[in-house]
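Chain by chain, the residues:
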Amino acid sequence: MATIEECRSALDKLSENLVGADGDVRTAAALDRSLSCHITDLDVTFAGRLRDGRIEVLDTLQGPPRERAEIRLTMTGDDLVSMVNGELHFAKAWGSGRVRLEAGLLDLVRLRKLL
């Protein structure tokens, strides 16, 4: 089972990947939205912002998100680490229910380019 530190490191790596992306991926990530990532097996939530293609984690909270972020991710720590390391494809994990992504309709349309 992934640790809180490994999950935080995976989010940092994902942020670096988004910053270095080109084309449609960079455009899709260039939102300014509140973001939460709830890690179910650790019962921890990373809360922050997706801004200018970078994930800024502002707080780590015990339990589910306290406020409803504009973009909400829910998954296990192992799935987060596997996705960021390229071992698990996001679309497959999302389609099978291993990962939940919730956002407004227009944001989902933009974020689909990241999938």
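The written sequence of each chain sets the order in which its residues are numbered from 1. Confidence filtering applies because this is a predicted model: local features only for residues at pLDDT of at least 70, side-chain atom pairs given and counted only at 80 or more, and all residues used for totals across whole chains, interfaces and linings. Here the side-chain values reflect all heavy atoms present in the structure, with hydrogen atoms and water set aside.

(A) Quick peek at the overall build of the protein. Strands here mean DSSP runs of E at least two residues long; helices mean DSSP runs of H or I at least four residues long; both are numbered from the N terminus. Counting its regular elements, the protein contains 5 helices and 5 strands. Listing every helix and strand of the protein by position from the N terminus yields α-α-β-β-β-β-α-α-β-α. The size measure is the radius of gyration over C-alpha atoms, and the globule rule it meets is 2.2 Å times the number of residues to the 0.38 power. Computed over its C-alpha atoms, the radius of gyration of the protein comes to 13 Å, within 12% of the 13 Å expected for a compact globule of 115 residues. Summary of the burial criterion: residues with accessible area below 20% of their type's maximum are buried, those above 50% are exposed, and those between are partly exposed, where the area comes from a 1.4 Å probe applied to protein chains only. In the protein, which comprises 115 residues, the proportion classed as buried is 41%. Whether two residues are in contact is decided by their heavy atoms, any of which lying within 4.5 Å being enough. Within the protein, contacts between residues at least 6 apart in sequence are counted, and of these 56% link residues at least 24 apart.

(B) Representation of the environment of Met-83. Tracing the sequence through the fold places Met-83 in helix 3 (residues 77–84). Taking relative accessible area as the criterion, Met-83 reaches 15% and is therefore assigned buried. Distance in space between the C-alpha atoms of Met-83 and Ile-71 is 18 Å, their sequence separation being 12 residues. When sequence neighbours within four positions are dropped, the list of residues in contact with Met-83 reads Met-75, Leu-88, Phe-90, Ala-93 and Val-99.

(C) Structural detail: the environment of Phe-90. Here Phe-90 is to be found in helix 4 (residues 90–96). For Phe-90, a relative accessible area of 17% corresponds to the buried category. When the C-alpha positions of Phe-90 and Cys-7 are compared, they lie 16 Å apart, and in sequence the two are 83 residues distant.

(D) Quick peek at the side chain of Ser-36. Along the chain, the position of Ser-36 falls in strand 1 (residues 32–39). Residue classification places Ser-36 among the buried positions, given a relative accessible area of 2%. Residues within four places of Ser-36 in sequence aside, it is in contact with Thr-45, Phe-46, Ala-47, Pro-65, Ala-69, Ile-71, Arg-72 and Leu-73.

(E) Seen up close, the nonpolar core. Here, the term nonpolar core denotes a set of buried Ala, Val, Leu, Ile, Met, Phe, Trp, Tyr and Cys residues that are joined through side-chain atoms within 4.5 Å. The biggest cluster of nonpolar side chains holds 29 residues, and the ones touching the most others in it are Ile-39, Phe-46, Ile-71, Met-75 and Leu-80. Those elements that place two or more of their residues in this core are helix 1 (4–19), strand 1, strand 2 (44–51), strand 3 (54–62), strand 4 (71–75), helix 3, helix 4 and strand 5 (100–103). Residue contributions to this core peak at 4 residues, all from helix 1.

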